[in-house]
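Residue strings, one per chain:
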Amino acid sequence: MPTPTPAQGLPAPEALSDTFYVYDVDIGDEEVRYYGEPLTPRERVVERLAPQFRERGYRVTLQYDTGEYVLIARERSLGVDGVPWANVLMLAATVLTTLAAGALWYGLPVFEDPLVALRAWPFTLGVLGILGTHELGHYALSRHHEVEASLPYFIPIPNPIGTLGAVIRMRDHLPSRTALFDIGVAGPLAGLVTTIVVAAIGVLLPPVDLPAGALVRDYQIGFPLLIQGIAALLGEPLYYAQPGRIVNPLVVAAWVGAFVTFLNLIPVGQLDGAHVTRALIGDWLDRLQLVVPFALWGIAGFHILFGDSRAAFLWGVWGLFALVFSRVGGADPIDDTPVGRRRQAVAVVALVLGLLCFSPAPIVFTG
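How each quantity is defined
Residues numbered from 1 in each chain as written. Predicted model: local features only at pLDDT ≥ 70, side-chain atom pairs only at ≥ 80, totals over all residues. Heavy atoms only, no water. Axes fitted to C-alpha atoms, helices over the stretch in contact; angles between N-to-C directions. Helix = DSSP H or I, 4+ residues; strand = E, 2+ residues; numbered from the N terminus. Parallel < 35°, antiparallel > 145°, perpendicular 65-115°, else oblique. Left-handed = near helix turned anticlockwise from the far one by under 90°. Contact = heavy atoms within 4.5 Å. Pairing = 2+ DSSP bridges. pLDDT = per-residue confidence, 0-100. Buried < 20%, exposed > 50% of the residue type's maximum accessible area, 1.4 Å probe, protein only. Polar contact = N/O pair within 3.5 Å; in protein donor to acceptor, adjacent residues only side chain to side chain. Expected span 1.5 Å × (residues − 1). Core = buried A, V, L, I, M, F, W, Y, C linked by side-chain atoms within 4.5 Å.

## Quick look at the packing of helix α3 (residues 121–144) against helix α6 (residues 249–264)
How two helices sit against one another is set out by the angle between their axes and by the gap between those axes. Contact geometry for α3 and α6: axes closest at 8 Å, N-to-C directions at 25 degrees. With respect to α6, the element α3 is oriented roughly parallel. The hand of the α3/α6 crossing is right-handed. Counting all contacts with α3, which are made through Pro 122, Phe 123, Gly 126, Val 127, Ile 130, Leu 131 and His 134, the residues of α6 involved are Pro 249, Leu 250, Val 252, Ala 253, Ala 254, Val 256, Gly 257, Val 260 and Asn 264.

Structure below.
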């Protein structure tokens, strides 16, 4: 029976015998496949064997392929090989869509002269700076804990903010709850630092007078307490009595950052809030996720009864998203040791900041 060569540093078949009986090994150029039979419940095979492979620089998955169980080991890579063209192209597309969105907030005649959208670069820089810092926070802590992760993928879409955010892909096992917590909380905290800076600069810049007929004149932004507090400390208004006058669009970029932070801290699925909560309370997260959609629908119901039914739609949709995300499943760290008190304190700070990013009616179409 063929076995992995010592140069590859992979576990020998007999080293897996307590968990997975191996009867054949296939060594390929990019992966090694161990064919065999699980000796423990299937869902626990990878959990028990992952540390052996991880310490040798590999990640492992279990598949059922053409009637056989197969453990597939692939070498882990923490670097970036070559030019990440998908990331570059998606970033370029998001620059274009955020320029177009920013042009609307500046009241620029983008439909008459598309190139005038280039003057909306501060909005684009603010939005992409916040989102990029958020994702690079995840990426930096992934590298710190030696977890294989991609560079950020920005998501372009033609909407009032020009994007659906950004994501990174983790293609690796999480070694511990500590790593899961650090990676999960780093993004929101890093993004919030940039959000605060962008908001402070934005409120000090002059407001914008939108021309009659500008599309965003029909939008009403509800700023969260975080941005309201920054404006109050700097003695600058967020709303104006003059029709068509709005804050500098850089403040709108900060609002985007705050709103994205709040959404990411919702504890469901693969969102940052779920990673942080899973690290804190373990499998109790599964029960908490059942409550989240109803909480969001409760906000929607409140708006229908006492507020603005137009704001209810947003939270109704996010309630559905939360329900779907909760079915996806979250990260499952190898070492289930709870995090310490210092990280619990950081979690409290993140929770408070997340609540300061909440706005009951983030944006309402008034037209």
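## Considering the pairing of strand β5 (residues 153–156)
Looking at chain direction, β5 and strand β6 (residues 163–167) are connected through three bridges and run antiparallel. Each bridged residue has a counterpart across the sheet, and for Tyr 153 the counterpart in β6 is Val 167. Linking β5 to β6, which pair antiparallel, is a turn of six residues; within it Gly 162 sits at a positive phi near 80 degrees.

## Regarding the confidence of the model for the chain
On average, residues of the chain score 90 in pLDDT, and 97% of them are at 70 or above. Helix α5 (residues 225–234) holds the highest mean pLDDT among the elements of the chain, 97, whereas strand β10 (residues 363–365) holds the lowest, 79.

## Things to note about the sheet that holds strand β4 (residues 68–75)
Pairing in this open sheet of four strands is antiparallel, and the strands run β1-β2-β4-β3 from one edge to the other. The sheet is open, and its two edges are formed by β1 (20–27) and β3 (58–65), each paired on a single side. Between one strand axis and the next, the sheet turns by 25 degrees as a mean value, whatever way the strands run. Here strand β2 (residues 31–38) runs beside β4; their pairing, made up of six bridges, is antiparallel. Looking across to β4, one finds that Gly 36 is bridged to Tyr 69. Each of β1, β2, β3 and β4 touches helix α1 (residues 42–54); the most contacted strand, β3, lies at about 150 degrees to it.

## Considering the side chain of Ser 326
Within the secondary structure, Ser 326 is located in helix α9 (residues 309–328). A relative accessible area of 13% means that Ser 326 is categorised as buried. Only 2.7 Å separates the side chain of Ser 326 from the backbone oxygen of Leu 323, close enough to count as a polar contact. The residues contacting Ser 326, other than those within four sequence positions of it, are Val 268, Gly 269 and Gln 289.

## So, helix α2 (residues 85–106)
For α2, which comprises 22 residues, the first-to-last C-alpha distance of 31 Å matches the rise-based estimate of 32 Å (1.5 Å per residue) to within 8%. For α2, the set of buried residues is Asn 87, Thr 94, Thr 97, Thr 98, Leu 99, Ala 101, Gly 102, Ala 103, Trp 105 and Tyr 106. Just past α2, the residue Gly 107 takes up positive phi, approximately 75 degrees.

## Considerations on the nonpolar core
Ranked by size, the top nonpolar core spans 58 residues in total, and within it Phe 123, Phe 223, Ile 227, Leu 238, Trp 255 and Trp 315 carry the most contacts. Residues within four places of Trp 255 in sequence aside, it is in contact with Ile 161, Ile 221, Gly 222, Phe 223, Pro 224, Ile 227, Pro 362 and Ile 363. Counting 19 residues, the second-largest nonpolar core is a separate cluster that includes Leu 49, Val 60, Leu 62 and Ile 334.

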